[in-house]
Amino acid sequence: MQELRGKIDGTGKKIGIVVAQFNEIVTKKLLEGAENELQKYNVKADDIITAWVPGAVEIPRVTKKMSESGKVDGIITLGAVVRGETAHFDYVCNESANGIAEISLHGDVPVMYGVLTTNDMDQAMNRAGGKSGNKGAECASGVLEMINLEAMI
């Protein structure tokens, strides 16, 4: 029986990050976590391409273009959608998640989903480097693992 596991090694890898400006107090922390983790695993700062988009709904479009560009080996998507008083939260969460999932499944490179969907800002901050860790950092190690796993298949 053969078991395949991707190594968490970014040597020679180019990584794209698509990050939403909305709730930037949170998304900046997610981005910092991702960048630090990528560099920890040998991705050079010059090999990280970051694209800022207005909000979570815009993430899939830029992720798709980046995936098709041939300029990156994998992509991390980062955003923070915090529940409000209207159904807008549900629409934004669904559209961004569905769009990113579609690109991940049918795109040219691995895509990691790092869009937080929380009930309040405290939950978001806890997942952006607080007591619940940093989702950006988790996505960084995950994308490297996926890139290296797919290279073995």
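Structure first, text after, so check above.
Figured I'd write up the structure that's included with this text. Quantities reported herein were computed from a predicted structural model and do not represent experimental measurements.

Remarks on the layout of surface pockets
- Approximately 230 Å³ is the volume found for the largest pocket.
- In terms of lining residues, the largest pocket is bounded by 16 residues, among which Phe22, Ala80, Val81, His88 and Val92 are the most central.
- Only strand E3 (74-82) and helix H3 (88-106) provide two or more residues apiece to the lining of the largest pocket.
- Grouping the amino acids of the lining of the largest pocket by side-chain chemistry returns nine nonpolar, five polar and two charged.

A look at the side chain of asparagine 148
- With respect to the helices, strands and loops of the structure, asparagine 148 is situated in helix H5 (residues 135-152).
- Looking at asparagine 148, its side chain comes within polar contact range of the main-chain oxygen of aspartate 9, at 2.9 Å.
- When neighbours within four sequence positions are excluded, asparagine 148 is seen to be in contact with Gly6, Lys7, Asp9 and Lys13.

Side note on unusual backbone geometry
- If you check the backbone angles, asparagine 23 has positive phi at about 60 degrees while not being a glycine.
- When you line up the elements, asparagine 23 lands in the loop between strand E1 (15-20) and helix H1 (24-40).
- The buried category is assigned to asparagine 23, whose relative accessible area is 18%.
- The backbone of asparagine 42 shows a phi angle near 80 degrees, a positive value even though the residue is not glycine.
- Inspection of the secondary structure assignment puts asparagine 42 in the loop between H1 and strand E2 (48-53).

Calculation rules
- Residues numbered from 1 in each chain as written.
- Predicted model: local features only at pLDDT ≥ 70, side-chain atom pairs only at ≥ 80, totals over all residues.
- Heavy atoms only, no water.
- 1 Å grid on protein atoms, 1.4 Å probe; cavity = no way out; pocket = protein on both sides within 12 Å on 5 of 7 lines; lining within 4 Å.
- Points joined across faces, edges and corners; volume = space filled by probe spheres on them.
- Helix = DSSP H or I, 4+ residues; strand = E, 2+ residues; numbered from the N terminus.
- Nonpolar A, V, L, I, M, F, W, Y, C, P; charged D, E, K, R; others polar.
- Polar contact = N/O pair within 3.5 Å; in protein donor to acceptor, adjacent residues only side chain to side chain.
- Contact = heavy atoms within 4.5 Å.
- Buried < 20%, exposed > 50% of the residue type's maximum accessible area, 1.4 Å probe, protein only.

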